[in-house]
Each structure stands twice: as structure tokens, then as C-alpha cells.
Amino acid sequence: MKKGILAKVTLALIFAYLFFPIVATILFSVATRWSTTILPEGYTLSYYQQLFASSEFMHALLRTVYASFATIILSILLIVPSLYLAIVYYPRLEKLFEILSILPFAMPGVILAIGMIQMYSRGPLRIANTPWILIGSYFVLILPFMYQAIKNSFRTINVKTLTEAALMLGCGKLETFIKVIFPNVLRGVISAALISVSVLFGEFVLANLLVGDNYETIQIYLYKLQKVDGHLANALVAAYFLVILFMSLLLIWLAFRTRKHKTIV
Amino acid sequence: MSHVQILDVEKSFQGRQVLKRINLQVEKGEFVTLLGPSGCGKTTLLRIIAGLERSDGGKVFVGGKEIIEGLKKKAQNIGMVFQSYALFPNLTAYENIAFGLKINKISPPQIRQQVEEIMAILSIAGKEKNYPHQMSGGQQQRVALARALVTKPDLLLLDEPLSAVDAKVRESARSLIRDIQQKMGITTIFVTHDQLEALVMSDRIVILDSGEIMQQGKPEEIYNKPANRFVANFIGSYNFLPGSLLGLPNKNVEVCIRPEHIKLVKLDSLAQEEDASAHQLQGTLTNLYILGNTIRAEVSVQGKTLLVDRLNGFQASNFVLQEEVRLLLKKDALNTLGITS
């Protein structure tokens, strides 16, 4: 009995610790004035109106969306086929991929950014200060998440036997990949993509160091906004929080669906 | 020319030879079983026939066409059922079965007709919209079989398709597969490590061990006349005893006899069977237990334990353990395997 109460109290405290700032942020984003009272003196949605009406915000949002989605599509196009080929035809390569996929963890963002600026400001591939360098480094940043999630979805099916079954039925190798393998790992790929979206939407260090004002992403915009108007910044954070929350729920739902659909292959 | 020709096929994995110059012919419509313990090379041989594995040497022809690994398999039309069924999890039973026909660009009405036909034959009609995970092991197995059969293959390859279902389903699946194979007249190569499956289903059994064919023949030939000690040991139970024990002229010869060909009688029983048709031995009854439809006795004869099987219903209660008993070994059931080492 006692144990149960203690556990509940602990949980409640943790939740309060986590949620209090979020609630405060959301409240502040809809408060007219909030200085001497416990709760705001009045409520308004005008900051959200301002935010969504601002072209600067919309552009920043679109830039983030472009960079994130380009990165994710690029990594899906690269990782899924390479992992498939490794599993079915070159099992020895899988270990190499594994090591490569963990490597980004060993590389702090600052080091990665400075290294990349030095590398790509001269020479044949001069992409420093362009979105391309951002996409390139974002690719490295999300590689561990993408790789692990996609690898796990490959694990849920018997890739090699399914491939052979399709081949025996007259499929070509590419056809097998497109018609049989890809649809079966799609869920894993989507959840990998969702994780990556939330990582990339929150990314500031690389964006600030690599492209900064040349390609103002949503986080850079937020950084600037904080110095100008607290209410607006809070509205942005609240909106951002809701998007991430929505995506997390989608992820959880997907994970559950996948588990239910798990088959004996 | 035989429908399937396997000529001097060899294969090694990391320096270990798993197939040693295998030569095997399969006639059209024949049901041939590759039987052997795990690691004997039977699955590797099947995969080479399927064109899923490259051989190190030798050739395989199916219906006169050479099988080459890595080549697109549209033309070769070989159906295969995998041990794990390998149904496509994202497709329904109907879509799974129709898959091969679609790839071969058959017209939709014809696909529908052929799929429905094969589903009826395999009594899985009504499961069209079920996904693999919504079906039992037995149903999944039928879908896998239907998927392999619907293209009317020149050759059907079965890689231990019965090992993943429970005993009851396995029994009915055995006769189902055999029935359909007979009805459709499909040349079939079946891989198993289960001797009973092999005996029940096959026209011909090919016994493999360490990459070599030990013996091939009809089920009754394999059972009654094993060519060597390995086959004798692998199929059913066998008693091996030195010729000297029976007082045979050649003392170095090893003979073997099935447990069901030995008769167990009381020591003091009237020796009515004491004729020339049986050898007699005396021993101690050390164990007696029921195997189902038979009762097995273990009798120790000069330090060697012999197994004796009698039909259940035999008067086991007449015997007590440690009793001295008499064994009658039918002479025409004795099998000499050659000189012992």
C-alpha cells in the first residue's frame, strides 16, 4: 500500500516537473499581461495570428521542412536499399554499416560543423553556406536513428526467404525489392522518418554554424525572435510542441499497429 | 531423357565439402524425397536445383533447360515451398497466391479463375481476404502450397514444409500433398529429415549423408534392404549383431535385423518354432515398455542389448524383468551389411 502511494507521488512530481514549464509556456503564449498575478490577467490568440501571418515565420518553417524532408528522403533512398543488399547478398557489410551508423554519436555537432565548413568552403564541392551542406550534415545526424529503425523493421520479416520466394515466382531483383521488400518495411521506414523529423525540427547547432542567416530555419528564427518578443517566441514554442506531440503519438500508434501485425514469416 | 537431371553437382562452404559429385535423375511425375540428417547437404542440393545457390561444379537441367543461379526465373517455372512458408506478410491469401501469375502478366480474369480453382482444391476457399498472420500454421502452409502450384510448375520443390506445424496437421498435410501431387502429376522433390514422411509420401527416397548419396530406391526397398550401416541406422530401428553370436560361418560379418522380426518367447515354452527358419538366442529381459501400437522389449544377449517389437496385445504380463527368455530371429529377415571393421 505504502509503496503504491510513494510511487504515485514520485510519478506526479516527475510529471509536474516536466509539464509545468510546458503549461507555463503555453499560458504565456496566450496571455495579454502576466507579471504580478498567478494566472495571466487576460487571454488572447493574437500572438498566434501574428506568428502565422508573418512571412518570415512561414519561410523559416518551409526552409526547415525542405531541409528535413530532403534529408529524410535522401537517407531512405540510401539506407533501405543498401541495408537490403547487405542483408541478402553481402552479410559481411552489415557490420561495417553498424559501425558507420554509430560514428555520428562520437562526433559533437560543433566539431562536425567546423570540420564540414573547412572541408566544403573550397575545393571542387563548394557547398558551405548553402542548404546542401545542411542536408549533408543532417544526413549524418539522423543516420543512427534511421539506420536502427530501418534495421529493426528488416528484422521483423525474413528478408532473405521472402526475397527468394519472390525470385522463385519470377520476380526480378529490383522488382522483388519494390514489390515485396519495401512494402513490408514501410512502417519501420515511416517511424524512422518521424523520429528524424522531430530531431531535425529541433536542430539548432548545425543550422546556426553551417548556414546561419543564409538559410534561416525555424530554430534560428526562434532564437532571433526570443530577443524581440517573448510572447511570440512562446507561441512558436507551443506550436512546435504540439507538432512534436502529434508526431510522437503517431509514432506510438504506428508502433502498436506494427506489433499487432507482426507475422510469423 | 529424365525430366530433372543433376550431373556431378559439387558444393563447398568455407572449405567444407557439402555435396560430393551428386548425380540424380528424376522422372516426370515422380515424387522423390531427399532424406538425411541435418547438415547432409539435402537443402543445399534443393537450393541448387532451384537456382538459388550456385554450385561449384556440375550442371542441373529441368525439362531440358539448364538451371543457372542468378538468372531471372520467369522462364524456368519451378514452384517452391519454403520451410517457413515465406508468405508475403503485406498481402492477403488471394494476393499471395496470385502473385506469381501477376508477375507473369496473366490476364486478371484468368488469374481469378486459376486462384479460385487452386484454393478450392486445397480447401482454403473463403480465406481470400485473410492476411498470413490471421491464419493458422496449417492454412498458411496451404496458401504457400497454392502459391507454388498455381503457376502449374514443371517442378515442385518442397523444403521441409511440414516441420513447422503440429503433429495432427502434419499427418493430414502429408496425404494432402501426396494426393495433389498425384492428381496434378507434378514432378516433386521433397526435402525432409523425417523418415516417416519420406516412407509415406515418396515414389523414391534418396538418402544423403555428408554430401553423398547413400542409397536410393522405393520406400520398401530402403526399409527392407538398407545398403549400408548408415541407412540401416537412419531408417527405423535396427539390431546390429556380430555373425559370431548366431554361429554364422563367417564370424566377421555383421548382421542386422528389425525389432519386429524377432520373436520373444518363454525360455521353457515348447520349442515349436525350433525349426530351420529361425536362429535362437537366449538372453535376459531387461526392459519392457509400450510405444503405442507396439510393445518394445530390451533383451541382453551376451552383453549386447537387442530390441524386440511385438504388437500391442501380446501377453506382456507373462514376462517379468530379469527373466531369462528365448529369442527367435527369422533367418530370411536377417540382413548382412558386409564385413565389420
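About the criteria used
- Residues numbered from 1 in each chain as written.
- Chains lettered and ligands numbered in written order.
- Predicted model: local features only at pLDDT ≥ 70, side-chain atom pairs only at ≥ 80, totals over all residues.
- Helix = DSSP H or I, 4+ residues; strand = E, 2+ residues; numbered from the N terminus.
- Contact = placed C-beta atoms within 7 Å.
- Axes fitted to C-alpha atoms, helices over the stretch in contact; angles between N-to-C directions.
- Parallel < 35°, antiparallel > 145°, perpendicular 65-115°, else oblique.
- Nonpolar A, V, L, I, M, F, W, Y, C, P; charged D, E, K, R; others polar.
- Pairing = 2+ DSSP bridges.
- Buried ≥ 20, exposed ≤ 12 C-beta atoms within 10 Å, placed from the backbone.
- Domains from an automatic or database assignment.
- Right-handed = clockwise from strand over helix to strand, strands pointing away.
- Core = buried A, V, L, I, M, F, W, Y, C linked by C-beta atoms within 7 Å.
- pLDDT = per-residue confidence, 0-100.

## Some words on the overall build of chain B
A count of helices and strands for chain B gives eight helices and 18 strands. Considered along the principal axes of its C-alpha atoms, chain B spans approximately 80 × 45 × 35 Å. Of all intrachain contacts in chain B linking residues separated by at least 6 positions in sequence, the fraction that spans at least 24 positions is 62%.

## A word on the packing of helix α3 (residues 55-88) of chain A against helix α7 (residues 159-168) of chain A
All names here are of chain A. Packing of α3 against α7 brings their axes to within 9 Å, and their N-to-C directions diverge by 90°. Taken together, the axes of α3 and α7 are roughly perpendicular relative to one another. Across the interface between the two elements, Tyr84, Ile87 and Val88 of α3 pack against Val159, Lys160 and Thr163 of α7. A per-class count over the contact of α3 with α7 returns four nonpolar, one polar and one charged.

## Quick word on the pairing of strand β1 (residues 4-13) of chain B
All names here are of chain B. As paired elements, β1 and strand β4 (residues 57-62) share five bridges and run antiparallel to each other. When the sheet's bridge partners are listed, Val4 is paired in β4 with Val62. Two elements, β1 and strand β2 (residues 16-26), share seven bridges in a ladder whose sense is antiparallel. By the bridge assignment, Ser12 is partnered in β2 with Gln17. Counting the residues in the hairpin turn of β1 and β2 gives two residues, including Gln14, whose phi is positive at 45°.

## Points about the interface of chain A and chain B
In this assembly, 19 residues from chain A lie in contact with 19 residues from chain B. Residue composition of the side of chain A that touches chain B, by class: 10 nonpolar, seven polar and two charged.

## Focus on the environment of Arg126(A)
Residue and element names in this part refer to chain A. Among the structural elements, Arg126 can be located in the loop between α5 (109-120) and α6 (131-155). Residue classification places Arg126 among the exposed residues on the basis of 12 C-beta atoms within 10 Å. Put simply, Arg126 and Leu167 are 41 residues apart on the chain and 44 Å apart in space, counted from C-alpha to C-alpha. Setting aside residues up to four positions removed in sequence, Arg126 forms contacts with Tyr120 and Ser121.

## Brief notes about the domain arrangement of chain B
Split into domains, chain B comes out as domain 1 (4-234) and domain 2 (239-339). Its C-alpha centre places domain 1 of chain B at a distance of 40 Å from the equivalent point of domain 2 of chain B.

## Thoughts on the domain arrangement of chain A
Residue and element names in this part refer to chain A. By domain assignment, chain A separates into domain 1 (1-44) and domain 2 (55-260). Summarising the inter-unit geometry, the C-alpha centres of domain 1 and domain 2 are found 33 Å apart. At the interface, five residues of domain 1 touch six residues of domain 2. Of the residues that constitute the side of domain 1 that touches domain 2, the class distribution is three nonpolar, two polar and no charged.

## Comments concerning the pairing of strand β8 (residues 188-192) of chain B
Residues and elements named next belong to chain B. The element β8 is largely enclosed, with a buried count of five among its five residues. Residues Thr188, Phe190 and Thr192 of β8 are buried on one face, and the alternating residues Ile189 and Val191, pointing to the opposite face, are buried as well. Looking at chain direction, strand β3 (residues 31-35) and β8 are connected through five bridges and run parallel. Considered in β8, the bridge of Phe31 is made with Thr188. The pairing of strand β7 (residues 155-159) with β8 spans four bridges and is parallel. Note that in β8 the partner of Leu157 across the bridge is Ile189. Handedness of the crossover joining β7 and β8 through helix α5 (residues 167-184) is recorded here as right-handed.

## With respect to the nonpolar core
Counting 130 residues, the largest nonpolar core has Leu134(A), Ile150(A), Ile49(B), Ile97(B), Ala146(B) and Leu157(B) as the members making the most contacts within it. Of the residues forming this core, the biggest block, 13 residues, is contributed by α6(A). When residues no more than four places from it in sequence are discounted, the contact partners of Ile97(B) are Val115(B), Ile118(B), Met119(B), Val143(B), Ala146(B), Arg147(B) and Val150(B). Core analysis: the next-biggest nonpolar cluster, separate from the first, contains 14 residues, Leu241(B), Leu285(B), Leu328(B) and Leu329(B) among them.

## Here's the deal with the sheet that holds β1(B)
Residues and elements named next belong to chain B. The strand order across the open sheet formed by four strands is β2-β1-β4-β5, and the pairing between neighbours is antiparallel. Unpaired on one side and paired on the other, β2 and β5 (65-66) mark the two borders of the sheet. Contacts from helix α1 (residues 42-50) reach β1, β2 and β4 within the one sheet, and its direction differs from that of β1 by about 120°.

## Points about the sheet that holds strand β16 (residues 304-311) of chain B
All names here are of chain B. Strand order in the open sheet formed by five strands is β13-β17-β14-β15-β16, and the pairing between neighbours is antiparallel. Two strands in the sheet have a free side with no partner beyond their single neighbour: β13 (262-266) and β16. Each adjacent strand pair in this sheet contributes to an overall mean axis angle of 45°, direction not counted. Examined bridge by bridge, strand β15 (residues 294-301) and β16 share eight bridges and lie antiparallel to one another. If you follow Thr294 over to β16, its bridge partner there is Leu311.

## Quick look at α1(B)
A large share of α1(B) lies buried, amounting to eight of its nine residues. Considered for burial, the residues of α1(B) that qualify are Lys42(B), Thr44(B), Leu45(B), Leu46(B), Arg47(B), Ile48(B), Ile49(B) and Ala50(B).

## Topic: the confidence of the model for chain A
When pLDDT is averaged across chain A, the result is 87; 96% of the residues are at 70 or more. Element-level pLDDT for chain A is lowest in helix α11 (residues 230-260) of chain A, with a mean of 81, against a maximum mean of 94 in α7(A).

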